[in-house]
Amino acid sequence: MENLLFGIGISALAGALATVAGAAEDTESDIGSQGDPNSQVQLAPQMGYIHRIYNKAISGEPPAYGLWVALAAGIAWALMAIQYNAILALIVGSSVAVFVQGVYATTAYLGRTASLAKFEQPVYIDVLKSVTTVTMAHAFVAVFTTVTMCFLMIEALGHPFPLPLMGIVWGIALGAAGSATGNPFYGKERQYQNYPFGAGLPISASGDIVRYAEAGQRSSLDNGWFTSKGAGPASGICFGLIVFFELWRTVLFEPLVAGWGGVIAGAVLIIVFMVIDRFVETWARKTYGPYTKETEEEATT
Amino acid sequence: MAPKIEASAGGMEHGKMLAIGLIGALICIYLVYLNTLMSTQVFAFFGGLAAVIALWWGTDSIKKLCSYGLGTGVPSAGMIALGSGVVAMLFATKLAVISPLLVPIGCVVVAAILGAILGFISDKVLNMNIPVMTRMIAELTVVGSLTMLGFTAMVAGTFSFGSLILGSISVMGLAIPSYAASVIGGCVIATIFMLGAIAIQHPFNACLGPNESWDRTQMCALECGFLSMITVAIMSIVFLSFIAVVISFVVSIILWGWSYSELIKLSKRDAFAWLDVKPIREVGGEQ
Amino acid sequence: MSALGGGAAGGEGINPVASVIALVIVLASVGIVFILYPAALIPLIGVIIGGVLISFGVHFVPVGGAPAAMGQAPGIATGVAMLAAGGGLAGLFGGAWAAGHGLWIALGAGAMGGGVLMAITCLMVNVVYVFEMGIPAASGKVDKDPITGDTYPAYRSQGTEGHGLPFISYVGGVLGGILAGTGGTLIYLQLLAVYQGAFASWVGITPEGVATLAVSLAGIFAVGMFLVAAVLTAYNITGTIEGPHDPKFKRWPRAVIGSSAACAACGLVAILLVVI
């Protein structure tokens, strides 16, 4: 019983850490402009819209976070192997990973922007100086919480994977969850906020991103404020739920039904989430209604 | 709507880069073997240099491949290269049972065979029909495996399987052999895997655009490699003597600092303008 | 992934000669293992089946790439290989944890690991679209949902190919996660069995050493082969797909052939590691 309570407590703690990680990850990627929405930042100068938005083209978020977390885990593992205190090792590991992240971010901004000289897009050094440090700070939160979570899974729950391998697995999962949930909010709502709300962006409008702010010119730093209103917490909930349910179903149900309990619990969870999704989808169809009047033919066939 | 991918013309011929990359990386990996010959660990940093040279060559291969447009991002090419490269590289380290000198060559041969199979599959079976695909995926797999072999040699000071699986932990001053504290047992390989996977694709991915220039992209490749070397040097603290770690670390830091400042100079040269706290220049578009 | 999207070649149809060569590669790999190390024959077949499951599963995952991030196309706004890797590696995590309960339970745990990740991710994608952006889901490839019968043409906003995750894509995502999770776990478990068997016979190795090394090697190889199979599949569907109802879904046979050959070759090398 005590073991079970301990396991559930660790699951909850890991879930909480994952929630913080997911929220920080999405905020970081939006401030730096990483992943798919960045294609528009890249495209804008080509369409004649010079801007002062950061351009952090370090692959997609899943591989990038795979590296940051695996690197933090690798260095933390190395320091722990020479008898460093675990907490200190995790902090030092995350710091080194974030240093690498910052250097990659600057080379991506300089590289992409310098390659846009044909379209007269200048390199803004003050953008580089102010935004890089802020993305590094958010990345530290995301990386440190994820690598701590991995450490807990190994030390407290007894997962067989060594720390760096665990770092790859959950780093890629973090990037996948954060980019899937967060990208549309940044890509449509933030970059194209002058286009009608409640509709997708017409393909012909690509590249016409918002470049001016309430006062002066838009800085990528404001994306942090914007993301934290919506997609950031949503990404956090997404990754937090994934980690919590993944651990919870194993810790609590695995001993039941000759080991099949965890599998059955997983299947039940999938069906529950599917029903919720169907509810969300029909709610939107009913509440928002169609964009154009549905023709009789479409309604009957 | 995605921007068109254009690869810069000019620069060094690809065949020449292949030769420099392959031979340079092999020589540097063999230099790590001096550790075994002279019973020391201070030559470990040559492994990192081998990885950097391989990455320098791989950047050009990825550029040749991705200028055709794969339908998915540049990073995927890096992941497939390292995903198959890790298999070839770990297999090759086991060849040390026969002779340690077989390892680097075996690594190249096995990776080339695996890469050719993967390239053939993508080109012909999946109907991508990209003329250079088979060759470039084979090259990238070799680069991926050499990068991993180089960084592994740097972190452990050796590249034979027997030494990679057995580390030691010190308990109250006594060194106790431990499988969990080894390169493979602790899966430091996993970190090296991701370091290579990002470093191989980042230079071209970061510099692509209409004004991409050969020397800047290649300098970015060196910079990514040296940056990875710094972190590998930190991790080698488990396996190498203090003096060897310091040498690796100092070499990496100096080379990284040089390449980073060169990269900034080249970016400054290529950029349209280099502005500090200046507003947007309107050139058209929104009036 | 990043700024790259269109411009891909990717012709239709199967190249018969190349497919036969790929199948010969599979048979040759199996034959070599049968001669050199018969104990690993079943594991190699397991690895090949794992590659097939991954490759088939990735076709189900609805990925919209860059256009999805602007609500211009339906699907999840990230790279296909990496999204599948997220699901598959979460499955690997679950499967590796349950490895002590035997093959079938571990496979089930791996499948549910991938499925739960995709179920939650797809749900949150729709939650963001509906509650934060006010956009209902609409498919671009079909006018009527094959499962629920919802009509879509009127729900596509002007100038787009649809947006969000319609229910068929949601189901596809979950199925893809389940298949990819099962495939990744299968590769891991088979290699784990090979290494545990081989290392145990070494002189002077401790049981703890056998376990540690086998887990690490099988884990990193499973990650590597997973990425190979997933990227090959991403090449096959040229970046984006909407789910099982997308016409591109019909291309799956050639990706399955390709991935089986790739995993056979990689699995052969990984198994030969213990032979020499």
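What you see as residue numbers is a count from 1 along each chain, following the sequence as written. Working convention: letters from A go to chains and numbers from 1 go to ligands, in the order in which they are written. Where totals are concerned, whole chains, interfaces and linings use all residues; where local detail is concerned, this predicted model gives features only for residues with pLDDT of at least 70, and gives and counts side-chain atom pairs only at 80 or more. In computing side-chain properties, one takes all heavy atoms of the structure into account and sets aside hydrogens as well as water.

Things to note about the overall build of chain C
Argument step 1. A run of H or I in DSSP counts as a helix once it spans at least four residues, and a run of E counts as a strand once it spans at least two, with each numbered from the N terminus. A tally of regular secondary structure across chain C gives eight helices and zero strands.
Argument step 2. Going residue by residue from the N terminus, the α and β elements of chain C occur as α-α-α-α-α-α-α-α.
Argument step 3. On C-alpha atoms alone, chain C measures out to a radius of gyration of 20 Å, which is about the 19 Å that the 2.2 N^0.38 rule sets for 276 residues.
Argument step 4. Considering only C-alpha atoms, chain C reaches an extent of 70 × 40 × 35 Å along its principal axes. Our radius of gyration looks at C-alpha atoms and nothing else; its globule reference is 2.2 Å times the residue count to the power 0.38.

What about the overall build of chain B?
Argument step 1. Across its full length, chain B holds 10 helices and three strands.
Argument step 2. When the helices and strands of chain B are listed from N to C terminus, the series reads α-α-α-α-α-α-α-β-β-α-α-α-β.
Argument step 3. In terms of overall size, chain B behaves like a compact globule, its C-alpha atoms giving a radius of gyration of 20 Å where 287 residues would be expected to give roughly 19 Å.
Argument step 4. Overall, chain B is about 75 × 50 × 30 Å in size when its C-alpha atoms are taken along their principal axes.
Argument step 5. Each residue gets one of three labels from its accessible area relative to the maximum for its type: buried under 20%, exposed over 50%, partly exposed in between, using a 1.4 Å probe on protein chains only. Counting over 287 residues, chain B shows a buried share of 65%.

Quick look at the packing of aromatic side chains
Two aromatic rings, taken as a pair, are described by how far apart their centres are and by the angle between their planes.
Argument step 1. Two aromatic rings, drawn from Phe, Tyr or Trp (for Trp, its six-membered ring), form a pair once their centres lie within 6.5 Å of each other, and the interplanar angle then sorts them: stacked below 30 degrees, edge-to-face above 60, tilted otherwise. Summed over the entire model, instances satisfying the criterion amount to 32 aromatic pairs over all chains.
Argument step 2. Centre to centre, the rings of F140(A) and F144(A) are 5.9 Å apart; their planes meet at 0°, and the pair counts as stacked. Of this pair, F140(A) and F144(A) are both found in helix α5 (residues 125-155), four residues apart, which corresponds to roughly one turn of the helix.
Argument step 3. Residue class for F140(A) comes out partly exposed when judged on its relative accessible area of 27%.
Argument step 4. Consider the rings of W248(A) and F253(A), whose centres lie 5.2 Å apart with planes at 85°: the pair is edge-to-face.
Argument step 5. Each residue in the set F244(A), F245(A), W248(A), F253(A) and F273(A) is aromatic and connected to the rest through ring pairs, giving one cluster.
Argument step 6. Above the face of the Y124(A) ring, R52(A) is positioned so that its terminal group lies 4.9 Å from the ring centre.
Argument step 7. One residue, R285(A), lies across the ring of Y155(C), its end atom 4.0 Å from the ring centre. Either the NZ atom of lysine or the CZ atom of arginine qualifies as a charge over a ring when it sits within 6 Å of the ring centre and within 35 degrees of the ring normal.

What about unusual backbone geometry?
Argument step 1. The phi torsion at A258(A) lies on the positive side, around 55°, for a residue other than glycine.
Argument step 2. Inspection of the secondary structure puts A258(A) in the loop between α8 (231-253) and α9 (261-288).
Argument step 3. Residue classification places A258(A) among the exposed residues on the basis of a relative accessible area of 68%.
Argument step 4. Of note in the backbone geometry, S39(B) takes a positive phi value of approximately 50° without being a glycine.

Describing the nonpolar core
Argument step 1. We define the nonpolar core as a collection of buried residues of types Ala, Val, Leu, Ile, Met, Phe, Trp, Tyr and Cys that are connected through side-chain atoms lying within 4.5 Å of one another. Among the nonpolar cores identified, the biggest contains 299 residues, and W170(A), Y195(C) and F221(C) are the most heavily contacted of them.
Argument step 2. With 20 residues, the single largest contributor to this core is helix α7 (residues 207-236) of chain C.
Argument step 3. With sequence-adjacent residues up to four places away left out, Y195(C) is seen in contact with A214(C), L217(C), A218(C), F221(C), A270(C), L273(C) and V274(C).
Argument step 4. If you look at the next biggest cluster of nonpolar residues, it comprises 13 residues, including I53(A), Y186(A), A205(A) and A69(C). Contacts are residue-level and defined by heavy atoms, with any inter-residue pair within 4.5 Å sufficient.

Quick look at the layout of surface pockets
Argument step 1. A cavity, in this analysis, means grid points on a 1 Å lattice covering only the protein atoms where a 1.4 Å probe fits yet has no way out; a pocket is instead an open set bounded by protein on both sides within 12 Å along at least five of seven lines, and a residue lines either one if it has an atom within 4 Å of a point. Grid points are joined across faces, edges and corners, and a volume is the space filled by probe spheres set on the points. Considered as a void within the structure, the second largest pocket measures approximately 510 Å³ in volume.
Argument step 2. Contributing elements (two or more residues each) for the lining of the second largest pocket: α3 (61-81) and α5 of chain A together with α7 of chain C.
Argument step 3. The element best represented in the lining of the second largest pocket is α7(C), accounting for five residues.
Argument step 4. When grouped by side-chain class, the residues that make up the lining of the second largest pocket number 15 nonpolar, seven polar and two charged. Lys, Arg, Asp and Glu make up the charged group, whereas Ala, Val, Leu, Ile, Met, Phe, Trp, Tyr, Cys and Pro make up the nonpolar group; the residues left over, Gly among them, are polar.

Remarks on the side chain of S61(B)
All names here are of chain B.
Argument step 1. Within the secondary structure layout, S61 lies in helix α3 (residues 45-66).
Argument step 2. A residue is classified by how much of its surface remains accessible, and S61, at 0% relative accessible area, is buried.
Argument step 3. Once residues lying within four places of it in the same chain are set aside, the contact partners of S61 are H14, M136, E139 and L140.

A closer look at the confidence of the model for chain C
Residue and element names in this part refer to chain C.
Argument step 1. Here chain C shows a mean pLDDT of 88. Residues at 70 or above account for 96%.
Argument step 2. Considering only residues more than four positions removed or in separate chains, one finds that residues 1-10, a stretch of pLDDT under 50, has 42 contacts.
Argument step 3. Across the whole predicted complex the pTM is 0.93, and at the interface the ipTM reaches 0.93. On a range of 0 to 100, pLDDT expresses the predictor's confidence in each residue.

Side note on the packing of helix α4 (residues 74-94) of chain B against helix α8 (residues 188-207) of chain B
Residues and elements named next belong to chain B.
Argument step 1. The axes are straight lines fitted to the C-alpha atoms, using for helices just the contacting stretch, and the angles between their N-to-C directions are given from 0 to 180°. Remark: α4 packs on α8, axes separated minimally by 9 Å, with the N-to-C direction vectors making an angle of 145°. Seen from above, α4 lies across α8 with right-handed handedness. Contacts from V74, P75, G78, M79, A81, L82, G83, V86, M89 and L90 of α4 reach α8 at I189, F193, M194, G196, A197, I200, Q201, F204 and N205.
Argument step 2. Of the residues belonging to the contact of α4 with α8, the class tally is 14 nonpolar, five polar and no charged. Should the near helix be turned anticlockwise from the far one by less than a right angle, the crossing is left-handed, and should it be turned clockwise, the crossing is right-handed.

Side note on a nonpolar patch on the surface
Argument step 1. Taken together, the side chains of L256(A), V257(A), W260(A), I264(A), V268(A), V272(A), I276(A), L103(C) and W104(C) make up a nonpolar region of the molecular surface, amounting to roughly 840 Å² of accessible area.
Argument step 2. Contributing elements (two or more residues each) for the nonpolar patch: α9 of chain A together with α5 (103-132) of chain C.
Argument step 3. The element contributing the most residues to the nonpolar patch is α9(A), with four residues.
Argument step 4. Within the secondary structure, I276(A) is located in helix α9. Any residue with relative accessible area above 30% and no salt bridge may belong to a patch, with like charges joined within 9 Å and the nonpolar Val, Leu, Ile, Met, Phe, Trp and Tyr side chains within 5 Å. A 1.4 Å probe and the Shrake-Rupley method give the accessible areas. Residues count as covered only by the protein chains that appear here. Salt bridges are defined by distance alone: a side-chain nitrogen of Lys or Arg within 4 Å of a carboxyl oxygen of Asp or Glu.

As for the pairing of strand β2 (residues 174-178) of chain B
Argument step 1. In this analysis, strands are considered paired if DSSP registers two or more bridges between them. Bridge analysis of strand β1 (residues 167-171) of chain B against β2(B) gives five bridges, and the strand direction is antiparallel. When the sheet's bridge partners are listed, S170(B) is paired in β2(B) with A175(B).

Topic: α9(A)
Argument step 1. Take the number of residues in a helix, subtract one, and multiply by 1.5 Å to get its expected span. For α9(A), spanning 28 residues, the distance from its first C-alpha to its last is 40 Å, which sits close to the expected 40 Å at 1.5 Å a residue.
Argument step 2. Count one or two residues on from α9(A) and you reach G289(A), which has phi positive near 75°.

As for the pattern of salt bridges
Argument step 1. Applying the stated criterion across every chain yields a total of 21 salt bridges over all chains.
Argument step 2. Notably, a salt bridge pairs R211(A) with E282(B), separated by 3.3 Å at the nearest N-O pair. Pair noted here: R211(A) is in the loop between α6 (163-190) and α7 (222-227) and E282(B) is in the segment after β3 (274-275), and the two residues belong to different chains.
Argument step 3. Since its relative accessible area comes to 2%, R211(A) is described here as buried.
Argument step 4. On the basis of relative accessibility, which here comes to 38%, the residue E282(B) falls in the partly exposed class.

Details of empty space enclosed by the protein
Argument step 1. Tallying each qualifying case throughout the model produces four cavities of 30 Å³ or more.
Argument step 2. As a volume, the largest cavity reaches approximately 60 Å³.
Argument step 3. Lining the largest cavity are R249(A), T250(A), E254(A), G259(A), G262(A), V263(A), G94(C), W97(C), I105(C) and A109(C).
Argument step 4. Taken together, the residues of the lining of the largest cavity break down into four nonpolar, four polar and two charged.
Argument step 5. The calculated volume of the second largest cavity comes to roughly 50 Å³.
Argument step 6. As for the second largest cavity, its lining consists of V41(A), I53(A), Y186(A), R190(A), Q191(A), I209(A), V210(A), R218(A) and N223(A).
Argument step 7. For the lining of the second largest cavity, the residue count by class is five nonpolar, two polar and two charged.

Section: the interface of chain A and chain B
Argument step 1. Taken together, the contacts link 63 residues of chain A with 64 residues of chain B.
Argument step 2. Here the quantity called buried area is the accessible surface, traced with a 1.4 Å probe, that two parts lose on coming together, added over both. For the pair chain A and chain B, the summed buried surface comes to about 5,300 Å²; carbon and sulfur atoms form 68% of the total.
Argument step 3. By the criterion of area lost to chain B, the three top residues of chain A are W77(A), Y104(A) and S115(A), representing 12% of everything that side buries.
Argument step 4. Where chain A meets chain B, there are three salt bridges.
Argument step 5. N or O atoms within 3.5 Å of each other form a polar contact, as long as, within protein, one can give a hydrogen and the other can take it, and as long as residues adjacent in sequence are counted only when both atoms are side-chain atoms. Run the count over chain A and chain B and you get 23 residue pairs in polar contact (both at pLDDT 80 or more).
Argument step 6. Of all the elements in the fold, those that place two or more residues in the side of chain A that touches chain B are α2 (38-43), α3, α4 (86-114), β1 (123-124), α5 and α6 of chain A.
Argument step 7. For the side of chain A that touches chain B, the element with the most residues is α4(A), which contributes 12 residues.
Argument step 8. Inspection of the sheet shows β1(A) paired to β3(B) by two bridges, in the parallel sense. Across the sheet, the residue bridging to V123(A) is W274(B), located in β3(B).

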